[in-house]
Amino acid sequence: MKVTVVGAGNVGATCADVLAYREIANEIVLVDIKEGFAEGKALDIWQKSPINLYDSRTVGVTNDYSRTAGSDVVVITSGLPRKPGMSRDDLISTNAGIVKSVTENVVKHSPDAIIIVVSNPLDVMTYAAHITSKLPRARVMGMAGILDTARYRAFLAEELNVSPKDIQAVLMGGHGDTMVPLPRYTTVGGIPVTELIAEDKLNAIIERTKNGGGELVKLMGTSAWYAPGSAAAQMVEAIVKDQRRVFPVCVKLEGEYGIDGVYLGVPVILGKNGIEKVLELQLNEEEKQLLEVSRGHVKDVMEVLDKINATA
Ligand code: LMR
């Protein structure tokens, strides 16, 4: 299996590293526009192989998409990260053009690839990649739900002093302040989380999860990379190994949840064809209202992208 990761910054390099050391793909191409940057990161990952014992070949190229030809999966991490005080949406004018041109290059050389978008604002950059690539919706998706649920699960594990492995959760909506964590669908070793934690503590964890990316931007002056890069690699693994994992993934909704034409995080089955199926949960009234707020917000930012495209 051949996997390309576009963008050799922190998130892209972490993703390539996980793909290599976990032998998720046997050929990994890392691409960047900065001369020598991807080559250096890929060489470093390759030189780690005798230490960590893996044989996935990782190569780096400077903007040479011919070397990505025939990729089965392409992860797009290109674009600027946010700085303290910025929202993800503030990145739209810069990252929209980058994601568009990267996607054009990707589909030119790998027309059969499945595309996973990581660039922010995530839901709208997934929209940008989808309309540029003109691929079926099953093959263009965004990574955010695994990251957001991972944060939620990690905070819960800390609070309950249990292994994060035993916390199962699903979260819906956009990758931003309007994301919709679903305590009703959160379990700890099969036990509903609401039986183990006081309501105020759970609400505080939900709020912290919504601001999880921002908390890290504030601490580090730039956005996170270990969890985002690993989350993207986990999606690649589900696809290349046809695992049919159930993950929250950003995808264009086509009538599910009563929503049409908006890109939102929803639980899906992820396998060799990309999105094998969108799973529809029976949301209660409160959850439906929260999802509607999230839909409205993402739709507004999609319209900003439409205006950018109309004037380009
Ligand atoms: C994240 O959630 O870590 C990413 O979306 C990056 C960011 O700016 O928060």
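- Taking an unreviewed UniProt entry as the reference, the chain is identified by name as Malate dehydrogenase belonging to Pontibacter silvestris.
- Quoted verbatim from the Catalytic activity (unreviewed entry) field of the UniProt record, the comment on the chain reads "(S)-malate + NAD(+) = oxaloacetate + NADH + H(+)".
- Note on the chain: under the UniProt heading Function (unreviewed entry), the record states "Catalyzes the reversible oxidation of malate to oxaloacetate."

Overview of the sheet that holds strand β10 (residues 187-188)
Stage number 1. Ordered in space as β7-β10-β11, the three strands form an open sheet in which the pairing is antiparallel. Both edges of this open sheet fall to β7 (167-168) and β11 (191-192), since each of them pairs with a single strand only.
Stage number 2. Across two bridges, β7 lies against β10 in antiparallel orientation. Looking at the pairing, Gln-168 lines up with Thr-187 of β10.

With respect to the pattern of salt bridges
Stage number 1. With the rule as written, the count across this model stands at 16 salt bridges.
Stage number 2. Close ionic contact of Arg-137 with Glu-254 constitutes a salt bridge, the shortest N to O distance being 3.5 Å. With Arg-137 in the loop between α5 (122-133) and β6 (140-142) and Glu-254 in strand β12 (residues 245-254), this pair connects stretches of sequence that are 117 residues apart.
Stage number 3. On the basis of relative accessibility, which here comes to 42%, the residue Glu-254 falls in the partly exposed class.

As for the site of the ligand
Stage number 1. As a matter of local geometry, the ligand sits amid Arg-82, Arg-88, Asn-120, Leu-147, Arg-151, His-175, Gly-213, Ser-223 and Ala-224.
Stage number 2. Asn-120 is positioned with one of its side-chain polar atoms (N or O) 2.8 Å from an oxygen atom of the ligand.
Stage number 3. Within the side chain of His-175, a nitrogen or oxygen atom sits 2.7 Å from an oxygen atom of the ligand.
Stage number 4. When the ligand is considered free in solution it has 260 Å² of accessible area, and contact with the protein chains removes 94% of it.
Stage number 5. Class assignment for the residues of the shell around the ligand results in two nonpolar, four polar and three charged.

Notes on the packing of aromatic side chains
Stage number 1. One pass over the structure, following the stated rule, counts two aromatic pairs.
Stage number 2. Summarising the aromatic geometry, the rings of Tyr-127 and Tyr-263 are spaced 5.3 Å apart at their centres and angled 45 degrees between planes, so their arrangement reads as tilted. Placement of Tyr-127 in helix α5 and of Tyr-263 in strand β13 (residues 260-271) is noted, with a sequence separation of 136 residues between them.
Stage number 3. For Tyr-263, a relative accessible area of 2% corresponds to the buried category.
Stage number 4. Consider the rings of Trp-225 and Tyr-226, whose centres lie 5.6 Å apart with planes at 50 degrees: the pair is tilted.
Stage number 5. Here Lys-34 stacks its cationic end above the ring of Phe-37, 4.4 Å away from the centre of that ring.
Stage number 6. The ring of Trp-46 carries Arg-57 above its face, with NZ or CZ at 4.2 Å from the centroid.

Conventions adopted
Residues numbered from 1 in each chain as written. Predicted model: local features only at pLDDT ≥ 70, side-chain atom pairs only at ≥ 80, totals over all residues. Heavy atoms only, no water. UniProt positions renumbered as here; feature names shortened; annotations may be inferred. Pairing = 2+ DSSP bridges. Helix = DSSP H or I, 4+ residues; strand = E, 2+ residues; numbered from the N terminus. Salt bridge = Lys/Arg side-chain N within 4 Å of Asp/Glu carboxyl O. Buried < 20%, exposed > 50% of the residue type's maximum accessible area, 1.4 Å probe, protein only. Near = heavy atom within 4 Å. Polar contact = N/O pair within 3.5 Å; in protein donor to acceptor, adjacent residues only side chain to side chain. Areas by Shrake-Rupley, 256 points an atom, 1.4 Å probe, with all protein chains shown as cover. Nonpolar A, V, L, I, M, F, W, Y, C, P; charged D, E, K, R; others polar. Phe/Tyr/Trp six-rings, centres within 6.5 Å; stacked < 30°, edge-to-face > 60°. Lys NZ or Arg CZ within 6 Å of the ring centre and 35° of its normal.

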